Every structure is written in C-alpha cells, then in structure tokens.
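# Observations on the three-dimensional arrangement
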Amino acid sequence: MNVSDATPPGEALGSMPYNFAVVGVQKGGTSTLAVTLNQHRLVCQAPDKERHYFDDETVDWSAPDYDRDYTAPRRAGVHRLLGDASPTYLYWPHALERMRAYKPDMPLVAVFRDPLERLFSHWVMLRSRNLAWPDWPDFLTEWPHTSLPDEVPDPAVVRTMRWRHMTGLARGFYGEQLQRGFELFDRRQWLLIELRAMLGDFSATVDRTTDFLDLPRFEQVPPLQNWHAGAEQVPGTAPTGDDLARVAEIYAKDLALFEELSGIDTSAWPTRLILDGQLDPGELAARLARKVR
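Residues numbered from 1 in each chain as written. Predicted model: local features only at pLDDT ≥ 70, side-chain atom pairs only at ≥ 80, totals over all residues. Heavy atoms only, no water.

### Let's talk about the sheet that holds strand β2 (residues 20-24)
So the rule is basically this: Strands pair, by our definition, only if DSSP identifies at least two bridges between them. Secondary structure elements are taken from DSSP: a helix is a run of H or I of four residues or more, a strand is a run of E of two residues or more, and numbering for both begins at the N terminus.
A sheet is described by the order of its strands in space; here five strands give the open sequence β3-β5-β2-β6-β7, paired in parallel fashion. Here the strands that pair on one side only, and so sit at the sheet edges, are β3 (43-44) and β7 (190-194).

This is the structure in structure tokens:
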C-alpha cells in the first residue's frame, strides 16, 4: 500500500460488500492466488480468506441479511475490491444459486488441479490436522459419490461438518460443477486457471487475474509462495494403483465434460494419462505414497 493510500488515524471508513470470489477448487492453489491478490493496493484484505457464507446452511436463505453478514471493514479509502476465497462454493449444493441472488454480475475465479492429485491432497490435509479423520480407504468409501450431489444431507442425520470434509470424491466432478456454474453466471464472468500453468508462470497468471478483475497490474508481482502446502508426511494407508485406477474411471465421463467446457489442457494430468493408458496407476501410487508413513 502506498503511504498516500493509508487511512488517517481515527478516520472511520465503514464496511464494504464482498464483490468478487475465488470459488474453487480446494487444494488447487486458491490460497496462493488469494493471498497474492490481497497484496494489491486496491484490494481490501478480508478478515478471513474463506468467508464460507454461501455454504452456510444455518442462514435463512429466504431472507438473507447481506449488509449485516456479508461485508467487512474497509481498511483504506482507496480499496475497491473485497474477495471471498471459499473453495467449497463451486461444488456445494445451492451455493452458486445463492451467490447469483446476491450479485448476478459477480466475477468468479476457479483454479483447477488434476482430480486424483487434488483428492489425495485433500485427504493428507485432513490427516495432518487430526488423526481422528478416516484413513485413506475409509475416505474413499464413506461418501462414494459418482456424480455431483444436489443436496446437503439433513443435519439431523449427518453432521454437515462431517459431510463437508468427507466429500472428497464429489469435489472432483469439475465438469458438472462448471456446467452448473455456466448456467447460473455468464461465461464472461468466469476466469478459469489450471494449477500447473499457474505455478509455471505465476506472474502471467496474476496479470490475467488482475486484468479480469479490472485492476491495474502489479508493478512487481509478489513472489510465489505455497500457502497451506500441508504436512510433509502423514500416518496412514497409502493409495494403491487399483484405488487410483478405479477413481480415475469414476471421473472419466466428467473429465471429458470438463475439458469440453473449460478448454483447459489436461493432457499432463495424471487422471487423463491413466485413462488414456499412458501412465501406470501404480507409478502414481508410488509417488503419492512418499507422503504417507
């Protein structure tokens, strides 16, 4: 922030509404991108990176109070944008519908990662936080979704927090998520980013994002940092080649839909390589097993 942008001591600036969102995917690089955007002099850093408003099932969605619940303190008079980087929104039932009701012209950013690698990283994150979370075999079978869920289970039957964390398979149906997203928001409101490309040329990705958000480009893009990278190793059962081959087949139809809708090149994704017979699932399993002790 420039000295001239700073708020004079004691001057109240009130609050500002959230007006753009990074909506997914979890473990796909959203933290890295969001933290970088928050360093832009025209972007207000939110109190929390993930606001988790539109996936909050305790809100009365028949009469939401946006002014009370979906604003944050303005930190400087120059601030124009305030972002909500909650990577559950893309897959969470009804989250995007709620977002459209709030702001039909909301700019949306989504970062995508190979679904098998994302799924494994999701499990590693859970295990690194608490070993009471299920081991890999149970993680695959507690909620064995074969398509994108349409509803959140009744909390009287299944705790919503449990369902939130254990729907790892569901989060990989990118095609269905984009299909739903494009039906709700104009395609021009979406910026789609691929993780490998982002890491390969971070400055270019940040420039694309600031251009998309109608922000002036950084004079110097902040250095790439891997935020929330996760533990080096976690105790548990490593994936097997059979596990990965089976999950790849579950994703096969949806991955083709994602490729068609997004235009993203997935030819280097392990899921695509396994499906095309160009990668032995056992090789990927051996690589992932290095994270498991």
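Additional details are given in the paragraphs that follow.
### Structural notes on the side chain of Gln 189
Here is the rule: The criterion used for residue contact is that any of the two residues' heavy atoms lie within 4.5 Å.
When you line up the elements, Gln 189 lands in the loop between α7 (174-184) and β7. Setting aside chain neighbours within four positions, we find Gln 189 in contact with Pro 104, Asp 105, Met 106, Pro 107, Leu 108 and Phe 212.

### Observations regarding the pairing of strand β6 (residues 108-112)
To keep things clear, this is the line we draw: Exposure is judged per residue with a 1.4 Å probe applied to protein chains only, and the accessible area is read against the type maximum: over 50% gives exposed, under 20% gives buried, and values in between give partly exposed.
Burial runs high along β6: five of the five residues are buried. Here β6 shows a buried face lined by Leu 108, Ala 110 and Phe 112 and a second buried face lined by Val 109 and Val 111. Here β2 runs beside β6; their pairing, made up of three bridges, is parallel. Counted as the bridge partner of Val 22 is Val 109 from β6. Across five bridges, the pairing between β6 and β7 is parallel.

### Concerning the packing of helix α3 (residues 95-102) against α7
What counts, and what does not: Only the stretch in contact is used when a helix axis is fitted, and all axes are lines through C-alpha atoms; the angle between N-to-C directions ranges over 0 to 180 degrees. Each angle gets one of four labels, with under 35 degrees taken as roughly parallel, over 145 as roughly antiparallel, 65 to 115 as roughly perpendicular, and the rest as oblique. It is the rotation of the near helix from the far one that decides the hand of a crossing: anticlockwise by less than a right angle makes it left-handed, clockwise makes it right-handed. Charged residues are taken to be Asp, Glu, Lys and Arg, nonpolar residues to be Ala, Val, Leu, Ile, Met, Phe, Trp, Tyr, Cys and Pro, and polar residues to be all remaining types, Gly included.
Contact geometry of α3 with α7 gives a least axis separation of 10 Å together with a crossing angle of 20°. As judged from the angle between their axes, α3 and α7 are roughly parallel. With respect to the hand of their crossing, α3 and α7 are arranged in right-handed fashion. Across the interface between the two elements, Leu 96, Glu 97 and Arg 100 from α3 touch Arg 180, Gly 181, Glu 183 and Leu 184 from α7. Residues that form the contact of α3 with α7 fall into these classes: two nonpolar, one polar and four charged.

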